[in-house]
Amino acid sequence: MIDRNQVLHVARLARLILDEQEIVAMQRDLGSVLDHIETIGELALDDVVPTAHVIELTAALRADEPVDSLSRQATFAGAPAVSDDGFIVPSPQA
Amino acid sequence: MTGRELLALSGADGVAAVQAGEVTAADLFDLYRARALDHGGGADGGLNCFSWIADDLPPEPDAASPLAGSPVAVKDLFCTEGVPSQAGSRMLEGYRPPYTATAVARLQAAGATLLGKTNQDEFAMGSSNEHCAFGVVRNPWDPARVPGGSSGGSAAAVAAGLAPWAIGTDTGGSIRQPAALCGIVGLKPTYGAISRYGMIAFASSLDQAGPLTRDVTDAALLLAHMVGSDSADATSVGLPEAVVLPSRLELSGIRLGVPTEIAGAQIEAGVLGAFNDTLARAQQLGATIDHEIELPHARHALAAYYVLAPAEASSNLARFDGVRYGHRVEAHDGDDEQGLVGMYMRTRHDGFGAEVKRRIMLGTYALSSGYYDAYYGRAQRVRTLIAEDFKRAFEHVDFIVTPTSAEVAFELGAKTADPWSMYLNDYFTVPMPLAGLPAISIPCGLAGSDRGLGPGGAGLPVGFQIAGPAFSENKLLEVAYALEQSIGFDGARAWL
């Protein structure tokens with residue numbers, strides 16, 4: 001179960017606006033999925049080590065050699081709003 | 001060669017024919033491009049499997065190269081320089097990346113040409129290709145049914161003979177399940193075999209690229225030209241030995257394990273029948289079948305997966321904020337947040353589809369303060385148990401076999417109302433990526449669904465899944481090949 005306020009709280013964390021219809025659907029759908037997921041609560045897991053990644057990773061460092069990076073022009077080409085020297089965004093203070 | 005004769009060539013056959021000078025790369029490209037244009041778009045009753053189709057063959061494909069100019073269809077979430085790469089999302093509509101994914105670049109370096117980009121569930125989240133901003137993809141065996149997902153466009157294109165072969169990605173079954181539902185071969189390699197650089201990320205600890213092909217030989221050939229470590233992906237380690245094209249025709253000494261959990265699973269009668277027939281065939285070929293293999297935590301795999309994958313997705317999809325690429329919508333008057341944050345929120349509201357929002361919400365919830373240990377922490381521990389189950393099982397058998405999907409292709413709209421019923425499609429395919437293991441789906445026959453036989457009464461394709469230990473690709477391909485040669489599945493029936 002997940003209540004309406006939790007849905008609104010999580011949506012805010014996820015930077016999502018949900019309209020009224022979406023809030024109702026989300027509460028129903030997440031509640032249903034979480035009911036199924038909660039079966040993992042039955043397992044005794046205290047002594048089990050968590051797995052974040054299946055591959056043993058050591059710090060991967062590449063050779064310290066300069067390589068070309070994307071050009072400024074290519075980097076900006078797909079952006080919704082740019083100036084000569086950066087991405088344009090609305091003011092955070094607005 | 002006539003068009004029909006060209007079409008009858010598998011991917012590998014086409015490469016060999018070009019190398020031998022019997023046909024040209026342009027002959028093959030033109031044939032498939034015309035077929036893709038005729039049947040692969042969304043209009044006029046097309047399958048809607050292509051989101052973009054190349055205009056022209058690049059100049060001078062190298063006939064002597066390993067892939068000899070062969071046209072390949074590529075799932076839309078692979079970045080392809082200058083070519084739309086939209087991942088099935090309104091968020092990336094029209095986006096043309098400035099670079100190409102390593103997996104695609106390797107295929108191109110081996111001489112392959114890009115035939116087109118294929119539709120998919122948005123950001124690879126779905127099992128039916130109904131969660132695609134650019135329309136549903138249809139199954140060539142029955143256009144009233146789904147092709148599976150999320151690599152449904154790639155699967156449908158190959159099954160319908162609109163591309164000789166294709167690539168996709170598999171996070172919880174997104175190569176194997178659509179391959180099964182479309183009657184083709186789909187291989188999910190060991191995690192790390194192929195670079196993920198340039199794949200628009202869903203769940204980074206699970207995502208893996210792989211081939212969707214007409215037959216096992218084609219899967220091996222494409223795999224051979226996709227694998228390898230890459231300095232741009234620290235998790236890419238390649239394969240320990242070169243990929244060998246399979247040739248084995250018997251299975252003596254091979255031990256196949258059937259998980260005991262299958263007995264309790266809800267599997268359609270026709271699917272179970274085809275699966276059991278294939279086991280009998282494997283036995284005739286010399287394999288031994290162990291029906292007592294225990295994977296005690298596999299039944300929790302779906303729950304663990306639907307915590308871990310959404311959690312990673314919620315983090316990965318934070319990048320879609322309307323700043324650097326893709327869709328942007330400014331805050332509306334009256335929105336709670338204005339300015340930068342308001343823009344983020346309005347952009348994500350408009351740009352993401354319902355299923356993606358659901359997964360982002362689920363993942364954000366599972367990672368949020370107060371719930372992290374109960375969901376994400378526990379799911380990571382279940383992941384450990386699942387990997388240990390496989391390790392124990394592989395002490396007794398060489399491979400684990402299951403049906404790929406518990407049911408044949410279902411009708412469009414059959415499962416969209418209830419997310420969990422859609423997630424259940426992944427029941428047999430999620431345990432392997434959680435453990436990082438390779439698995440292949442091969443077509444093993446036709447069966448009626450429990451809700452009817454499909455058009456013509458002949459039935460719909462059933463997939464047989466074979467999973468092996470990490471880095472067992474060569475042996476896995478040999479077993480799949482021996483079974484394939486014995487089964488003699490006729491995929492040409494679905495060609496349009």
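Caption draft 1: Fine view of the nonpolar core. All names here are of chain B. If you look at the biggest cluster of nonpolar residues, it comprises 185 residues, and the most contacted ones within it are Phe50, Phe78, Phe123, Ile466 and Leu483. Ranked by residue count, the leading element in this core is helix α9 (residues 301-316), at 11 residues. Each of two domains, domain 1 (3-245 + 476-494) and domain 2 (299-379), supplies a minimum of three residues to this core. Ignoring sequence-local partners within four residues, the contact set of Phe123 consists of Ala87, Ser89, Met91, Leu92, Ile200, Phe202, Leu317, Phe320, Phe352 and Val356.

Caption draft 2: Geometry of a negative patch on the surface. Residues and elements named next belong to chain B. Negative charge collects at one region of the surface, where Asp27, Asp30, Asp55 and Asp56 lie side by side. Structurally, Asp55 can be placed in the loop between β1 (50-53) and β2 (71-75). Residue classification places Asp55 among the exposed positions, given a relative accessible area of 57%.

Caption draft 3: Region of the structure containing the sheet that holds strand β4 (residues 165-170) of chain B. Residue and element names in this part refer to chain B. Across the sheet, 11 strands lie side by side as β1-β3-β2-β4-β6-β5-β10-β11-β9-β7-β8; this open sheet has mixed pairing. On the outer flanks of this sheet lie β1 and β8 (288-293), each paired with one strand and no other. The average undirected angle you get between the axes of adjacent strands in this sheet is 30°. Where β2 lies against β4, 3 bridges are found, and the strand directions are parallel. By the bridge assignment for β4, Val72 is matched with Trp165.

Caption draft 4: Spatial organisation of the pairing of strand β7 (residues 255-259) of chain B. Residue and element names in this part refer to chain B. Across the 5 residues of β7, 4 count as buried, placing the element largely inside the fold. Where β7 and β8 come together, 4 bridges link them in parallel fashion. Across the sheet, the residue bridging to Leu256 is Ile289, located in β8. Note that the unit made of β7, helix α8 (residues 269-284) and β8 has a crossover that is right-handed. Looking at chain direction, β7 and strand β9 (residues 399-403) are connected through 2 bridges and run parallel. Paired with Leu256 across the two strands is Phe399, which belongs to β9.

Caption draft 5: Layout of the side chain of Gln86 of chain B. Residue and element names in this part refer to chain B. Locating Gln86 in the fold gives a position in the loop between β2 and α4 (102-109). Judged by relative accessible area, which is 8%, Gln86 ranks as buried. Setting aside residues no more than four positions away along its own chain, Gln86 makes contact with Ser51, Asp76, Leu92, Glu93, Gly94 and Phe134.

Caption draft 6: Seen up close, the confidence of the model for chain A. Averaged over every residue, the pLDDT of chain A is 91; the share at 70 or more is 97%. Helix α3 (residues 72-76) of chain A is the least confidently modelled element of chain A, averaging 92 in pLDDT, while helix α1 (residues 4-13) of chain A averages 97, the highest of any element.

Caption draft 7: Structural detail: the domain arrangement of chain B. Residues and elements named next belong to chain B. The domain architecture assigned to chain B consists of domain 1 (3-245 + 476-494) and domain 2 (299-379). For domain 1 and domain 2, the distance between their C-alpha centres works out to 28 Å. Domain 1 puts 19 residues into the contact, and the matching count from domain 2 is 21 residues. Between domain 1 and domain 2, a total of about 1,700 Å² is buried, with carbon and sulfur atoms accounting for 66% of that surface. Of all residues in domain 1, Met91, Met125 and Phe202 bury the most surface against domain 2, accounting for 40% of the area lost on that side. Where domain 1 touches domain 2, the interface holds 0 salt bridges. The interface formed by domain 1 and domain 2 includes 10 residue pairs in polar contact (both at pLDDT 80 or more). Grouping the constituent residues of the side of domain 1 that touches domain 2 by class yields 10 nonpolar, 7 polar and 2 charged.

Caption draft 8: Here's a closer look at the interface of chain B and chain A. Contact with chain B, which involves 61 residues of that partner, is made by 53 residues of chain A. Among the residues chain B hides against chain A, the three largest losses belong to Met345, Met361 and Arg378 of chain B. Together they make up 14% of the total. Joining chain B to chain A, the criterion identifies 22 residue pairs in polar contact (both at pLDDT 80 or more). Those elements that provide at least two residues to the side of chain B that touches chain A are α9, α10 (339-351), α11 (354-367), α12 (373-393), α13 (419-423) and α14 (431-435) of chain B.

Scoring rules and cut-offs
Residues numbered from 1 in each chain as written. Chains lettered and ligands numbered in written order. Predicted model: local features only at pLDDT ≥ 70, side-chain atom pairs only at ≥ 80, totals over all residues. Heavy atoms only, no water. Core = buried A, V, L, I, M, F, W, Y, C linked by side-chain atoms within 4.5 Å. Buried < 20%, exposed > 50% of the residue type's maximum accessible area, 1.4 Å probe, protein only. Helix = DSSP H or I, 4+ residues; strand = E, 2+ residues; numbered from the N terminus. Domains from an automatic or database assignment. Contact = heavy atoms within 4.5 Å. Patch = residues over 30% accessible without salt bridge, like charges linked within 9 Å, V, L, I, M, F, W, Y side chains within 5 Å. Areas by Shrake-Rupley, 256 points an atom, 1.4 Å probe, with all protein chains shown as cover. Salt bridge = Lys/Arg side-chain N within 4 Å of Asp/Glu carboxyl O. Lys, Arg positive; Asp, Glu negative; His and termini not counted. Charge placed at Lys NZ, Arg CZ, Asp CG, Glu CD. Pairing = 2+ DSSP bridges. Axes fitted to C-alpha atoms, helices over the stretch in contact; angles between N-to-C directions. Right-handed = clockwise from strand over helix to strand, strands pointing away. pLDDT = per-residue confidence, 0-100. Buried area = accessible area lost by both parts, 1.4 Å probe. Polar contact = N/O pair within 3.5 Å; in protein donor to acceptor, adjacent residues only side chain to side chain. Nonpolar A, V, L, I, M, F, W, Y, C, P; charged D, E, K, R; others polar.

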